[in-house]
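Next come the chains, spelled out residue by residue.
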Amino acid sequence: MTTVSIEPPSSLAVSQVKLLHRVQRVATTLLVDAAQRDTTPSSALAELQSFLVTALLHYHQSEDDFLWPELITADPEAGTGLIELSAEHDALEAAVSTLDAVRLRTGRDRASLAAAAEALRNLLHNHLEHEESLLLPSLETHVSDEAWMKFSHSMIASIPPSCANLSLGFLEQVGTPAEFTMVTTNLSQSAQQLVPAMREQGLSILNSLR
């Protein structure tokens, strides 16, 4: 008789971090690919460019200012690794600034956008691999679902409104229905009423980018 090994479900913290990282990987790759195509609407490129600049800065600030101190308190041995991750955030923010400085006015600007997007994508993907190797075990062991919900609610509720449409569009495309609901339940009641419309707007932008 064959024994089937069933892995226990991940903690809420691990599940949400993996989901957010999937969004970041897909979004940075999409910008590189879309910027290299002459047929991609400039308006959609600018939307994705702005989304990445704002969303990545917000996410890294939330980690540096709130999540890292909480983790170091719960798991002091994680401190050295988290300091390394914050240093990587500095390099990423420089790449984000370079991306943010590109303005789409001519065909040549698309080449500049693609180059800046590629540099950011490569840095970010390497960073996420490093971060996951350090962060996920610590979250699994030291952060309860209740503690994570407090952090997650604060982070999601403070997402800049300009990120809402594409955030929901990406979540719809890379996540499961359960994961989509898991994130959107952290929105205010008034914001939740806007979710269907914002999701459709986000998906429309993503479709034009592909």
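Residues numbered from 1 in each chain as written. Predicted model: local features only at pLDDT ≥ 70, side-chain atom pairs only at ≥ 80, totals over all residues. Heavy atoms only, no water.

### A few points about the overall build of the chain
To keep things clear, this is the line we draw: Each helix corresponds to a stretch of at least 4 residues labelled H or I by DSSP, and each strand to a stretch of at least 2 residues labelled E; elements are numbered beginning at the N terminus. Each radius of gyration reported is based on C-alpha atoms, and the globular scaling rule is 2.2 Å times the count of residues to the power 0.38. Any two residues having at least one pair of non-hydrogen atoms within 4.5 Å are treated as being in contact. Computed with the Shrake-Rupley method and a 1.4 Å probe, the accessible areas treat only the protein chains shown as cover for residues. Only four residue types enter the charge count: Lys and Arg as positive, Asp and Glu as negative, with His and the chain ends excluded. In plain terms, the charge of a residue is placed at NZ if it is Lys, CZ if Arg, CG if Asp and CD if Glu.
Tallying secondary structure elements over the chain gives 8 helices and 0 strands in all. Here the C-alpha radius of gyration of the chain, 18 Å, is about what a compact globule of 210 residues would show, namely 17 Å. Considered along the principal axes of its C-alpha atoms, the chain spans approximately 55 × 45 × 40 Å. Counted over contacts in the chain with a minimum sequence separation of 6, partners at least 24 positions apart contribute 82%. If you sum the accessible surface of the chain, you get close to 10900 Å²; carbon and sulfur atoms cover 55% of it. Between the mean site of the 12 positive side-chain charges and the mean site of the 26 negative ones, the chain shows a separation of 12 Å.

### Side note on the pattern of salt bridges
Convention followed: Should a side-chain nitrogen of Lys or Arg be within 4 Å of a carboxyl oxygen of Asp or Glu, the pair is scored as a salt bridge. Only protein chains enter the accessibility calculation, which uses a 1.4 Å probe; a residue is then buried when its area is under 20% of its type maximum, exposed when over 50%, and partly exposed in between.
Applying the stated criterion across every chain yields a total of 4 salt bridges. Between arginine 22 and glutamate 179 there is a salt bridge, with the nearest N and O atoms lying 2.8 Å from each other. On the criterion of sequence distance, the pair formed by arginine 22 in helix α1 (residues 12-35) and glutamate 179 in helix α7 (residues 177-184) is long-range, its members being 157 residues apart. On the accessibility criterion, arginine 22 (29% relative accessible area) is partly exposed.

The quantities given are spatial measurements derived from coordinates; they are silent on function.
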